[in-house]
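Geometric and topological summary
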Amino acid sequence: MEYIISIFQGVSDLGSTLMLPVMFTIIGLIIGCKFSKALKAGITVSIGLIGINLVMNLVYNNMEPVADILVSNFGLNLKYLDVGWAAVSAVAFSTLVGAFIIPYILALNIILITLKATRTINIDIWNYWHYALTGSFIHMATGNLILAFLGATVHFVASLVVADRTAKQVQEVMGIPGISIPQGYAAATVPHSVLVGKVFDLFSKNKDVTTADAEKVNRFKENEWVKTVTDPIYIGLIIGTAIALIVGYDLKSALTVGISMSALMYLLPRMAKVLMEGLLPISNAAKAFMTKRFKGQEFYIGMDSAVLLGHPTTITVGLVLMPIALLLAIILPGNAIIPLAGISSMQWDVAMATVIHKGKFWRTLVSGIIGTAMVLLISSYFGPYITQFALSGAISIPEGATGISAMTVNLFTFIPHILANIHIIGPVVLVALILGLALWNRAWLKKQTNLSTTEFIDADASSYTEK
């Protein structure tokens, strides 16, 4: 075991800039990529990581003093800046757990499909960073690499269970056959969305606002002025400038802060896109690798939740949640994070809620508000860990910078982390969760197969009788 850990540590010690090309080249060759494509994939991902570091330095230099004044002058316990998912995803892949998360999850996915404990082939390799982040938090807290991978496994298996059980709804609502959504953040929003739906069902059956109503609101959103103020660039300018003015900056200095926030909103997604571009050939090779080995077996292609973002309800609720998130940050007891980068990504918070509620506006909005409150509290909890990751070199930040967090950590990250920190009992519960979820899902899938077979036989017999 010590030898294996030393190998892990040796690869990690290369630093993320060198580690990623090495790991992606090895993974790519294993699953059938050409050497040149695999190497280019790793280098491209490293370029994206370097770009994220450059953008974050710009933002920290401008926002750190603003945040300090905001906290001291107004007595707010908001000590963490929200740097968004793009920055944290880079951190996740640059850790010891992140170095090996892709081959680990791919192998685990193959095992679960072979055992018929899932139908989802998760080719969304980019979003493996969610599982890496969960494991990395546990590794930082406990120093135990085995516990770290157990925690990442819980997150992954739970996401597969959600993906399998919501696949038909996703396909029906979005009109895209054969897909499911195992993305680590989107899957974690499903439990509370289901509960919200059940509560609504107790009090109302037909009084909800439908997709048609959401489309009317969406047409209002197409107004030129509305489009302007909801563009991520203008969101960054407005929020950054407003916060700077509130803390006492003059107009010129406040606008400078606003422009830096616009840069964050504009450049971070593009740097993340560079990372995703690097992962594309690896993802395609993984899809071909899995399809070849499981011919004849029904499965779903696990996709990024981004495929859900075009739904009118998702767009509309995401827009409404922007000011609500800022208000919650101020009034929510226990919150310690200032929403910044995550404000422009609120649609992701309700992408699966739209599916669960079949496009009903009010149900989706309530699910979004509850989910946003949970994310604020969970991201506040993980603020010290994300800050420590950044200070350790995964993201460069100026000396003495304000702490950071991100409105992207979720329930499926929080629960394994809490369990892993319970001495003796925690590891046992983590293993039990993994086995329990896998067996439960296997039994459910088998039942669905039997039901489908029965329906087919009944339909066939009926057809025969009529003839």
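Source: prediction; values computed, not measured.

1. Regarding the overall build of the protein chain
Check the secondary structure of the protein chain and you find 19 helices and 6 strands. By residue count, 55% of the 467 residues in the protein chain fall in the buried class. Put simply, of all contacts in the protein chain between residues at least 6 apart along the chain, 82% involve residues at least 24 apart. Entry remark: accessible area of the protein chain is about 20,700 Å², with carbon and sulfur atoms responsible for 67%.

2. Re the sheet that holds strand 1 (residues 80–82)
Spatially, the 3 strands line up as an open sheet ordered 5-1-6, and their pairing is parallel. The outermost strands of the open sheet, each flanked by one partner alone, are strand 5 (337–338) and strand 6 (403–405). Note that strand 1 and strand 5 share 2 bridges and pair parallel. Following the sheet pairing, Y80 is matched in strand 5 by I337.

3. Brief notes about the sheet that holds strand 2 (residues 120–122)
On the basis of which strands lie adjacent, the open sheet formed by 3 strands has the order 2-4-3 and parallel pairing. Strand pairing shows two members of the sheet lacking a second neighbour, strand 2 and strand 3 (179–180), which therefore form its edges. Sheet topology note: the strand 3/strand 4 (residues 300–302) ladder contains 2 bridges and is parallel. Directly across from I179, in strand 4, lies its bridge partner I301.

4. What about the packing of aromatic side chains?
Tallying each qualifying case throughout the model produces 10 aromatic pairs. Taken together, a centroid distance of 6.0 Å and an interplanar angle of 45° make the contact between Y128 and Y131 tilted. In terms of burial, Y128 and Y131 fall into one category: buried. Plain terms: the ring middles of Y131 and F156 are 5.2 Å apart, the flat faces sit at 75° to each other, and that makes the pair edge-to-face. A residue pair is termed long-range when its members are at least 10 positions apart, and Y131 in helix 6 (residues 129–142) and F156 in helix 7 (residues 145–174) qualify at 25 residues. The class for F156 is buried, based on a relative accessible area of 0%.

5. Looking at the environment of N421
Turning to its location among the elements, N421 is positioned in the loop between helix 18 (411–420) and helix 19 (425–466). By relative accessible area, which is 40% here, N421 ends up partly exposed. Residues N421 and I138, spaced 283 residues apart in sequence, show a C-alpha to C-alpha distance of 7.8 Å. Aside from chain neighbours lying at most four places away, what touches N421 is A141 and T142. Engagement of the side chain of N421 in a polar contact is seen with the backbone oxygen of H417, the distance being 2.6 Å.

6. Topic: the side chain of Q171
Its location among the elements puts Q171 in helix 7. Not counting residues within four places of it along the chain, the set of residues in contact with Q171 comprises I176, P177, G178, I179 and Y300.

7. Things to note about helix 14 (residues 312–331)
Since the α-helix advances by 3.6 residues per turn, residues separated by three or four positions end up pointing in the same direction. Over its 20 residues, helix 14 runs 29 Å from end to end, which matches the ideal 28 Å to within 8%, given 1.5 Å per residue. By the largest-angle criterion, M322 marks the main kink of helix 14, which is about 35°, and a proline, P323, follows within four residues.

8. Let's talk about the nonpolar core
Counting 80 residues, the largest nonpolar core has I101, I102 and Y128 as the members making the most contacts within it. With 15 residues, the single largest contributor to this core is helix 7. Filtering out sequence-adjacent residues up to four positions away, Y128 remains in contact with F93, I101, I102, I105, L106 and N122. In this structure, M261, L264, M265 and I338 belong to the second largest nonpolar core, which totals 38 residues.

9. Considering unusual backbone geometry
Phi angles above zero are rare outside glycine, and K358 is one such case at about 55°. Relative to the elements of secondary structure, K358 occurs in the loop between helix 15 (346–356) and helix 16 (361–381).

10. Here's the deal with the packing of helix 5 (residues 96–114) against helix 6
Orientation of helix 5 relative to helix 6, taken along the N-to-C sense of each, is 135°, at an axis distance of 9 Å. By the criterion of interaxial angle, the relationship of helix 5 to helix 6 is oblique. Pair helix 5 / helix 6 crosses with right-handed handedness. Contact residues: helix 5 offers L96, V97, G98, I101 and I105, while helix 6 offers Y131, A132, G135, S136 and H139. Across the contact of helix 5 with helix 6, the residue classes tally to 6 nonpolar, 4 polar and no charged.

11. Looking at a nonpolar patch on the surface
Taken together, the side chains of I233, Y234, I238, Y266 and L267 present a nonpolar region at the surface, about 410 Å² in accessible area. Among the elements that take part in the nonpolar patch, helix 12 (residues 232–246) stands out by supplying 3 residues, more than any other. With respect to the helices and strands, the residue I233 is situated in helix 12.

12. Re the packing of helix 6 against helix 7
The contact between helix 6 and helix 7 brings their axes to 7 Å, and the two run at 150°. Comparing the axis directions of helix 6 and helix 7 gives the class roughly antiparallel. Judged by the sense of rotation from one axis to the other, the crossing of helix 6 with helix 7 is right-handed. Where helix 6 abuts helix 7, its residues H130, Y131, T134, G135, I138, H139 and T142 lie against L145, L147, A148, G151, A152, H155, F156 and S159. A per-class count over the contact of helix 6 with helix 7 returns 7 nonpolar, 8 polar and no charged.

13. Some points on the confidence of the model for the protein chain
The predicted model of the protein chain has a mean per-residue pLDDT of 80, with 78% of residues at 70 or higher. Confidence, expressed as mean pLDDT per element, reaches its minimum in the protein chain at helix 1 (residues 2–12) with 57 and its maximum at helix 18 with 96. Per-residue pLDDT stays below 50 along residues 456–467; that stretch engages in 0 contacts with residues further than four places along the chain or on separate chains.

14. With respect to the side chain of S380
If you trace the backbone, S380 turns up in helix 16. Excluding residues that lie within four positions of it along the chain, S380 makes contacts with Y80, G334, N335, A336 and I337.

What counts and what doesn't
Residues numbered from 1 in each chain as written. Predicted model: local features only at pLDDT ≥ 70, side-chain atom pairs only at ≥ 80, totals over all residues. Heavy atoms only, no water. Helix = DSSP H or I, 4+ residues; strand = E, 2+ residues; numbered from the N terminus. Buried < 20%, exposed > 50% of the residue type's maximum accessible area, 1.4 Å probe, protein only. Contact = heavy atoms within 4.5 Å. Areas by Shrake-Rupley, 256 points an atom, 1.4 Å probe, with all protein chains shown as cover. Pairing = 2+ DSSP bridges. Phe/Tyr/Trp six-rings, centres within 6.5 Å; stacked < 30°, edge-to-face > 60°. Polar contact = N/O pair within 3.5 Å; in protein donor to acceptor, adjacent residues only side chain to side chain. Expected span 1.5 Å × (residues − 1). Bend = angle between axes of the 7 residues up to and from the residue. Core = buried A, V, L, I, M, F, W, Y, C linked by side-chain atoms within 4.5 Å. Axes fitted to C-alpha atoms, helices over the stretch in contact; angles between N-to-C directions. Parallel < 35°, antiparallel > 145°, perpendicular 65-115°, else oblique. Left-handed = near helix turned anticlockwise from the far one by under 90°. Nonpolar A, V, L, I, M, F, W, Y, C, P; charged D, E, K, R; others polar. Patch = residues over 30% accessible without salt bridge, like charges linked within 9 Å, V, L, I, M, F, W, Y side chains within 5 Å. Salt bridge = Lys/Arg side-chain N within 4 Å of Asp/Glu carboxyl O. pLDDT = per-residue confidence, 0-100.

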